[in-house]
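# Structure at a glance
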Amino acid sequence: MMKFKLLILFVFVAPFVSAAPPAHAQQTSPIAEPSVTTAPASPARRRIEINPRPLLYRRCVDWYELQHRPSGTVLYPQMRCWWVRG
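Reference entry: report on the structure contained in this document.

## Description of the overall build of the protein
- Summing up its helical and strand segments, the protein has one helix and two strands in all.
- Element order for the protein, N to C, with α for helix and β for strand: α-β-β.
- Across the 86 residues of the protein, 2% fall into the buried class.
- Counting contacts in the protein only where the partners sit at least 6 residues apart, residues at least 24 apart contribute 31% of the total.
- As presented, the protein carries roughly 9300 Å² of accessible surface, and 62% of it is formed by carbon and sulfur atoms.

## Observations concerning the side chain of Gln78
- Here Gln78 is to be found in strand β2 (residues 72-85).
- Beyond its immediate chain neighbours, meaning those up to four positions away, Gln78 contacts Val61, Asp62, Trp63, Glu65 and Gln67.

## Looking at a nonpolar patch on the surface
- Taken together, the side chains of Phe4, Leu7, Ile8, Val11 and Phe12 make up a nonpolar region of the molecular surface, amounting to roughly 510 Å² of accessible area.
- Within the secondary structure, Phe4 is located in helix α1 (residues 2-18).
- Its relative accessible area of 52% is what places Phe4 among the exposed residues.

## Observations regarding the state of the cysteines
- Taken as a whole and judged by the stated rule, the model has one disulfide.
- Two residues share a disulfide in this structure: Cys60 and Cys81, whose sulfurs sit 2.0 Å from each other. What sets the handedness of the Cys60 and Cys81 disulfide is the S-S torsion sign, and at about 110 degrees it is right-handed. With Cys60 in strand β1 (residues 56-69) and Cys81 in strand β2, the pair connects residues that are 21 residues apart, well separated along the chain.
- Accessibility expressed as a relative area gives 35% for Cys60, which makes it partly exposed.

The rules behind these values
- Residues numbered from 1 in each chain as written.
- Predicted model: local features only at pLDDT ≥ 70, side-chain atom pairs only at ≥ 80, totals over all residues.
- Heavy atoms only, no water.
- Helix = DSSP H or I, 4+ residues; strand = E, 2+ residues; numbered from the N terminus.
- Buried < 20%, exposed > 50% of the residue type's maximum accessible area, 1.4 Å probe, protein only.
- Contact = heavy atoms within 4.5 Å.
- Areas by Shrake-Rupley, 256 points an atom, 1.4 Å probe, with all protein chains shown as cover.
- Patch = residues over 30% accessible without salt bridge, like charges linked within 9 Å, V, L, I, M, F, W, Y side chains within 5 Å.
- Salt bridge = Lys/Arg side-chain N within 4 Å of Asp/Glu carboxyl O.
- Disulfide = S-S within 2.5 Å.

Right under this line is the structure:
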């Protein structure tokens, strides 16, 4: 049973391991590098805008309401909520 599991693991994992390119293939050749190095341009200053807004919170009102159903009258919870500036 252990050999069977090992065989299944090898069959499914081997294609992914062999598909990775070798480490030396990822490097660029010295011919492709530029001969003259230029100074990088100064990075643009980042601007952060902060727009403070009034805080909001939810205000809720809940109550029980009698509802008439075919099986009989039922006490059913109700709730209404809205946003309020704090």
